[in-house]
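Take a look at the letters that make up each chain.
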Amino acid sequence: ALIETGALDEAEKQAFDLRQKFPDSGRSPQSFHLLGLAFHKAAKAVEKTDPASWKIHLEKAAKYFAYYLEHKSQPTAEDFQTIGIWFHQLEDWANAEKFLESALEMFKVQYDALPKKSPARKELEGKMEGLSVMLSELLLKQGKFAEAAKFFEGLLVPDPGAQQRL
C-alpha cells in the first residue's frame, strides 16, 4: 500500500524490517521486487528534470531488483536483461556485463529450443543481437578488447543460410 501511494522511504524501511524479522520469508524478496520497480518508476519520472534524484532512484531500483533476483527460484532472461540495462544506464559496467551475459545465455537456450522456422526465433535473434552490441560496448569501456572482439565477430559473420533464403 505504501508503494502505491508513493511513500517509498517508508516502504523501504518496512521491507528492511520485514527482512530482518523474517529472513526466511518468501515475501521479503517479493517486497524488494515491488520496491525495485517502484524506484525505477520514480527514476523515470525525474530522469529529464533531476539527474541526481534519477541516479539515486535507479541505484536503489537496481539494488533491490538484484536482491529479488538472487532469491527468486527461476529468474527469467527478461529479468536479467532489465537489471543489466539499469546497471548499463548507471555506467556500472561490471554488473551490467554480469546480468546482460546471463540474459544472453538464457535467450540462446530459448532460441536453440525453438523450431527453425518459428516466428519467436526471429524475435529472439533481435534481442540477442541487441544484447551483443550492448555487451561489446561495455566490454570496450572496461578495456576488455579480446572479449569485445568475440561479440563483434558474431555480429559481423554473415548468416550462412542467408543466401538460401533469398
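Our structure is the block above this text.
What counts and how
- Residues numbered from 1 in each chain as written.
- Predicted model: local features only at pLDDT ≥ 70, side-chain atom pairs only at ≥ 80, totals over all residues.
- Heavy atoms only, no water.
- Helix = DSSP H or I, 4+ residues; strand = E, 2+ residues; numbered from the N terminus.
- Buried < 20%, exposed > 50% of the residue type's maximum accessible area, 1.4 Å probe, protein only.
- Contact = heavy atoms within 4.5 Å.
- Areas by Shrake-Rupley, 256 points an atom, 1.4 Å probe, with all protein chains shown as cover.
- Salt bridge = Lys/Arg side-chain N within 4 Å of Asp/Glu carboxyl O.
- Phe/Tyr/Trp six-rings, centres within 6.5 Å; stacked < 30°, edge-to-face > 60°.
- Axes fitted to C-alpha atoms, helices over the stretch in contact; angles between N-to-C directions.
- Parallel < 35°, antiparallel > 145°, perpendicular 65-115°, else oblique.
- Left-handed = near helix turned anticlockwise from the far one by under 90°.
- Nonpolar A, V, L, I, M, F, W, Y, C, P; charged D, E, K, R; others polar.

A. Examining the overall build of the protein chain more closely. When you go through the protein chain residue by residue, the secondary structure sums to 9 helices and 0 strands. In sequence order, the protein chain lays out its α and β elements as α-α-α-α-α-α-α-α-α. The 166 residues of the protein chain split such that 36% are buried. Across the protein chain, every contact between residues at least 6 apart in sequence was considered, and the portion connecting residues at least 24 apart equals 52%. A total of about 10500 Å² of accessible surface is found on the protein chain, and carbon and sulfur atoms cover 56% of it.

B. Inspection of the pattern of salt bridges at higher detail. Counted according to the given criterion, the structure contains 8 salt bridges. Between K127 and E78 there is a salt bridge; the shortest N-O distance is 3.4 Å. Separated by 49 residues along the polypeptide, K127 in helix α7 (residues 119-141) and E78 in helix α5 (residues 77-89) bring together distant segments of the chain. Residue classification places K127 among the partly exposed positions, given a relative accessible area of 23%. According to the relative accessible area criterion, E78 is partly exposed, its value standing at 33%. Three or more residues joined by partner-sharing salt bridges are found here, namely E78, E123 and K127.

C. Spotlight on the packing of aromatic side chains. In total, this model carries 7 aromatic pairs according to the counting rule given. Measuring from ring centre to ring centre gives 5.4 Å for F32 and Y64, while their planes differ by 50 degrees; the resulting arrangement is tilted. In this pair, F32 is assigned in helix α3 (residues 27-46) and Y64 in helix α4 (residues 51-71), connecting sequence segments 32 residues apart. F32 gets classed as buried once you look at its relative accessible area, which sits at 1%. For the ring pair F65 and Y68, a centre distance of 5.6 Å and an interplane angle of 55 degrees mean the geometry is tilted. Of this pair, F65 and Y68 are both found in helix α4, 3 residues apart, which corresponds to roughly one turn of the helix. Across this residue pair, the class does not change: F65 and Y68 are buried. Here the aromatic residues F32, F39, Y64 and Y67 are joined through ring pairs into a cluster of three or more.

D. Summary view of the packing of α5 against helix α6 (residues 93-113). As a packed pair, α5 and α6 sit with axes 8 Å apart at the nearest point and diverge in direction by 155 degrees. The angle between the axes of α5 and α6 places the two elements in the roughly antiparallel class. Note on packing geometry: the crossing formed by α5 with α6 is left-handed. Together, A77, E78, F80, Q81, I83, G84, I85, F87 and H88 of α5 and W93, N95, A96, F99, L100, S102, A103, M106, F107 and Q110 of α6 make up the contact between the two elements. Taken together, the residues that form the contact of α5 with α6 break down as 12 nonpolar, 6 polar and 1 charged.

So far we have only geometry, and geometry alone does not tell us how the molecule works.
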